[in-house]
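The lines below spell out each chain.
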Amino acid sequence: MKDVSRQQNGFTIPEVIVAGTILIILCVGTLTAFSHAAKINRGNNLRMQALAVLQMEVEHYRALKFVPGLKTAGDLNNHRPAEIRVGNHTRPARQSADGQWFNITVTVTNAAPTDEHLTTFKTITIRATPQVTQSEGWLTSLGTEVTVQRVRSN
């Protein structure tokens, strides 16, 4: 016959240690997955903000006057803003609706002909790069760009 008074209820110390170790491993794995998901979401959020900023820049470049005038190099300065001339241009930093600042760089190239004062077709590539802190350094390579094409209007 069993002695009922000697029966013990509960877990032994090794069982508690093993269960605690398994619980810690599961928690660390879950937290790692959540931190990775938050990092990815931060990048996607910045891309969406960059697209909104790029849309404002595209509207700016669509509004610029692109008329070569008399098709002479001397007349070029009177009829075309410097921003739409061939080369790399740095635009003022823009702020998105969420308060994030972006550096804007623009590259303008002539499609055909390549002579600046004769060209009638341009390709404009606008790139937005977020201004981030050193701790978020990986986001500086998260440049978003859009390419638009302009035809001379006269």
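Residues numbered from 1 in each chain as written. Predicted model: local features only at pLDDT ≥ 70, side-chain atom pairs only at ≥ 80, totals over all residues. Heavy atoms only, no water.

A. Summary view of the overall build of the protein chain. A count of helical and extended segments in the protein chain gives two helices and four strands. Helices and strands in the protein chain line up, N terminus first, as α-α-β-β-β-β. Residues classed as buried in the protein chain amount to 28% of the 154 residues present. By element, 60% of the accessible surface of the protein chain is carried by carbon and sulfur atoms, the whole surface being about 10300 Å². (Helix = DSSP H or I, 4+ residues; strand = E, 2+ residues; numbered from the N terminus. Buried < 20%, exposed > 50% of the residue type's maximum accessible area, 1.4 Å probe, protein only. Areas by Shrake-Rupley, 256 points an atom, 1.4 Å probe, with all protein chains shown as cover.)

B. Focus on the side chain of R91. The topology assignment puts R91 in strand β1 (residues 87-95). In terms of polar contacts, R91 uses its side chain to reach the side chain of E83, at 2.9 Å. Aside from chain neighbours lying at most four places away, what touches R91 is E57, H60, Y61, E83, I104 and V106. (Polar contact = N/O pair within 3.5 Å; in protein donor to acceptor, adjacent residues only side chain to side chain. Contact = heavy atoms within 4.5 Å.)

C. Focus on the pattern of salt bridges. A full pass over the atoms with the stated rule returns five salt bridges. The shortest N-O distance in the salt bridge between R91 and E57 comes to 2.8 Å. With R91 in strand β1 and E57 in helix α1 (residues 13-63), this residue pair connects regions lying 34 residues apart in the sequence. Overall, E57 belongs to the buried group, its relative accessible area being 0%. In this structure, E145 engages R127 in a salt bridge whose closest nitrogen and oxygen atoms are separated by 3.3 Å. (Salt bridge = Lys/Arg side-chain N within 4 Å of Asp/Glu carboxyl O.)

D. Representation of the sheet that holds strand β3 (residues 121-130) in the model. Spatial ordering of the open sheet is given by β1-β2-β3-β4, a layout of four strands whose pairing is antiparallel. If you trace the sheet from one side to the other, it starts and ends with β1 and β4 (144-151), each paired once. Across the sheet, the mean angle from the axis of one strand to that of its neighbour is 25°, orientation sign disregarded. With eight bridges joining them, β3 and β4 adopt antiparallel strand pairing. Note that in β4 the partner of T125 across the bridge is T147. Its contacts with the sheet place α1 against β1, β2 (101-112), β3 and β4, and it is angled at close to 20° to β4. (Pairing = 2+ DSSP bridges. Axes fitted to C-alpha atoms, helices over the stretch in contact; angles between N-to-C directions.)

E. Seen up close, the pairing of β2. Of the pairings in the sheet, the one linking β1 to β2 comprises seven bridges and is antiparallel in character. The residue bridging G87 from the neighbouring strand is V108, located in β2. Between β1 and β2, which pair antiparallel one after the other, the connecting turn spans five residues, and G99 there sits at a positive phi close to 95°. As defined by bridge partners, β2 adjoins β3 across ten bridges and the pair is classed as antiparallel. Each bridged residue has a counterpart across the sheet, and for A112 the counterpart in β3 is F121.

F. Layout of the nonpolar core. With 19 residues, the main nonpolar core has Y61, F102, I104, V106, I124, I126 and A128 as its most contacted residues. At the level of secondary structure, the elements contributing two or more residues to this core comprise α1, β2 and β3. Top contributing element to this core by residue count: α1, with six residues. Apart from the residues lying within four places of it in its own chain, the contact partners of I126 are L54, E57, V58, Y61, I104, T105, V106, T144, E145 and V146. (Core = buried A, V, L, I, M, F, W, Y, C linked by side-chain atoms within 4.5 Å.)

G. Here's a closer look at the confidence of the model for the protein chain. On average, residues of the protein chain score 81 in pLDDT, and 81% of them are at 70 or above. Mean pLDDT across the elements of the protein chain bottoms out in helix α2 (residues 73-79) (65) and peaks in β1 (90). (pLDDT = per-residue confidence, 0-100.)

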